[in-house]
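Inside the fold
Spelled out, the chains give:
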Amino acid sequence: MKILLIGSGGREHALAWKIAKNERVEKIFVAPGNGGTARESKCENVNITEIDELLEFALEQCIDLTVVGPEDPLTKGIVDKFKMKGLKIFGPSEKAAMLEGSKSFSKDFMKKYGVKTSEYEVFYDVDKALAYLETCSYPTVVKADGLAAGKGVAICENKREAIDAVKSFMVDDIFNGAGQKIVIEEFLEGVEASILSITDGETIIPFISAKDHKQIFDGGKGPNTGGMGVLAPNPYVTKEILKDFEEKIMNRTLVGIREEGFDYKGIIFFGLMITKKGSYLLEYNVRMGDPETQSVLNLMESDLLELIESALIENLKNTEVKWKNGACVNVVLASKGYPASYPKGYEIIIEDEIKDKVFLAGAKLENDVLKTNGGRVLSVVGVGETVEKAREDAYRAIEKVEFKDKYYRSDIGVI
Ligand code: AMP
Ligand code: GLY
């Protein structure tokens, strides 16, 4: 089989690594890929990102299956366009991808189908939004409706902060249109969990749970990042929490997907807040998480390609996903300075013995030399029978990766 995998992050390196394990896979083109996929077995990077060019490439190369990593092409309708040309592709349609692409669309969907989520209001008009801030309780959460590269959420401690957020989103237009419409929602207190799942539109199978560590510094301090490391399974997702999630969030979502007639054969990722009053859905993502994928796929015993194929023929109800026992910790190694500015272009040295434990993200291969090329440079993965053993495994391996000014949190997986 020839596969086209779209994306360039650590998530895509992990997807390529996992899909390449299937014997039927002959070649994986990664568009545009990164320094990790450039070196991964069976993989070749192709430097294209525009949907029309990807389509042309897939037709020319007789690609058997396309797997989409990030949300952007999904919300731009890549799945519909590929299908129209008779190409097999894994992911939700443009309409279904709005569950991630528009916060108001997804909150309205949750409300309509009784999916447990926080109270909210949608605003198109800045004066109405500002008037609402006079009456709401604090902290409150202001969200840009559209995609804002993970930066469109402001947790506002007081009215002053909320006014600033609303004005910057709606008047200053800092997200180039994505914040012209906003959602203001109730603040929830608790611990977060990521539950990635696969769906064929008729069945949803949840993957093992994961715990992201979003802030840059130890102890959850400092500004938010794309994610500084992940522990899977998430120790807060107990059997009871999982049951509550399946009943009040997952199954109701499935009813919604069916009733709306969404064409959805892809990944659905539930971002949860576990509170004293049970779990609430913060958001849907219509793709795998990064860096959740690097941990979750390391614990997946099943063949990912076969799972994807089963979803594409709507056969998930007869499919089981198998997991390894134990835990997986992945620690992100970042360029010092991230999430603000940081230098790029430093050589990365990875000792051979831990090659299989490293998933590259902001890294490129230049004349056979790996160099830093982004804020989150790579993830180092540790597995073990217990969380403590997985942590030790990951932090031991980190010693065998070197680049100038590497920074990482030392408390990933500490419960
Ligand atoms: P989202 O893009 O909706 O996942 O929001 C990004 C992050 O903002 C989440 O991972 C949470 O840490 C935080 N967040 C979003 N919504 C809420 C909320 N209603 N209450 C508390 N924190 C929130
Ligand atoms: N790690 C969170 C996300 O991928 O959205």
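Quick caveat: nothing in here was measured; it's all calculated off a predicted structure.

The next point concerns the packing of aromatic side chains. According to the stated counting rule, one finds 14 aromatic pairs in the structure shown. On the numbers, 5.2 Å between centres and 50 degrees between planes, the contact of Phe123 with Tyr132 is tilted. Since its relative accessible area comes to 9%, Phe123 is described here as buried. Their ring planes at 85 degrees and their centres at 6.4 Å tell us that Phe217 and Tyr407 sit as a pair that is edge-to-face. With a gap of 190 residues between them, Phe217 in strand E13 (residues 215-217) and Tyr407 in strand E25 (residues 406-407) connect regions that are remote in the sequence. Among the aromatic residues, those joined into a cluster by ring pairs are Phe105, Phe109, Tyr113, Phe245, Phe262, Phe270 and Tyr284. For Lys116, the ring lying beneath its charged end belongs to Tyr280, and the centroid distance is 4.8 Å.

Neighbouring residues of ligand 1: 15 residues in total, closest Glu185, Leu188, Glu192, Lys214 and Glu283. Lys143 places a side-chain nitrogen or oxygen 2.9 Å from an oxygen atom of ligand 1. Within the backbone of Leu188, a nitrogen or oxygen atom sits 2.9 Å from a nitrogen atom of ligand 1. If ligand 1 stood free it would expose 460 Å²; the protein chains cover 88% of that surface. Of all the elements in the fold, those that place two or more residues in the shell around ligand 1 are strand E7 (140-144), strand E8 (153-156), strand E9 (182-186) and strand E17 (278-285). For the shell around ligand 1, a count of residues per class yields seven nonpolar, one polar and seven charged.

The next subject is the nonpolar core. In terms of nonpolar packing, the biggest core is built from 46 residues, with Leu4, Ile78, Phe82, Leu99, Phe270 and Tyr284 touching the most fellow members. The element best represented in this core is helix H10 (residues 239-260), accounting for six residues. Leave out the neighbours within four places in its chain, and Ile78 touches Ile6, Ile51, Leu54, Val68, Pro73 and Ile89. Residues Trp17, Leu304, Ile308 and Leu316 belong to the second largest nonpolar core, which totals 42 residues.

The subject of this paragraph is the UniProt feature "domain: ATP-grasp" (unreviewed entry) in the protein chain. Mapped onto the present numbering, the UniProt feature "domain: ATP-grasp" (unreviewed entry) falls at residues 107-313. With 32% helix and 30% strand, residues 107-313 has its two end C-alpha atoms placed 29 Å apart.

What counts, and at which threshold
- Residues numbered from 1 in each chain as written.
- Chains lettered and ligands numbered in written order.
- Predicted model: local features only at pLDDT ≥ 70, side-chain atom pairs only at ≥ 80, totals over all residues.
- Heavy atoms only, no water.
- Phe/Tyr/Trp six-rings, centres within 6.5 Å; stacked < 30°, edge-to-face > 60°.
- Buried < 20%, exposed > 50% of the residue type's maximum accessible area, 1.4 Å probe, protein only.
- Helix = DSSP H or I, 4+ residues; strand = E, 2+ residues; numbered from the N terminus.
- Lys NZ or Arg CZ within 6 Å of the ring centre and 35° of its normal.
- Near = heavy atom within 4 Å.
- Polar contact = N/O pair within 3.5 Å; in protein donor to acceptor, adjacent residues only side chain to side chain.
- Areas by Shrake-Rupley, 256 points an atom, 1.4 Å probe, with all protein chains shown as cover.
- Nonpolar A, V, L, I, M, F, W, Y, C, P; charged D, E, K, R; others polar.
- Core = buried A, V, L, I, M, F, W, Y, C linked by side-chain atoms within 4.5 Å.
- Contact = heavy atoms within 4.5 Å.
- UniProt positions renumbered as here; feature names shortened; annotations may be inferred.

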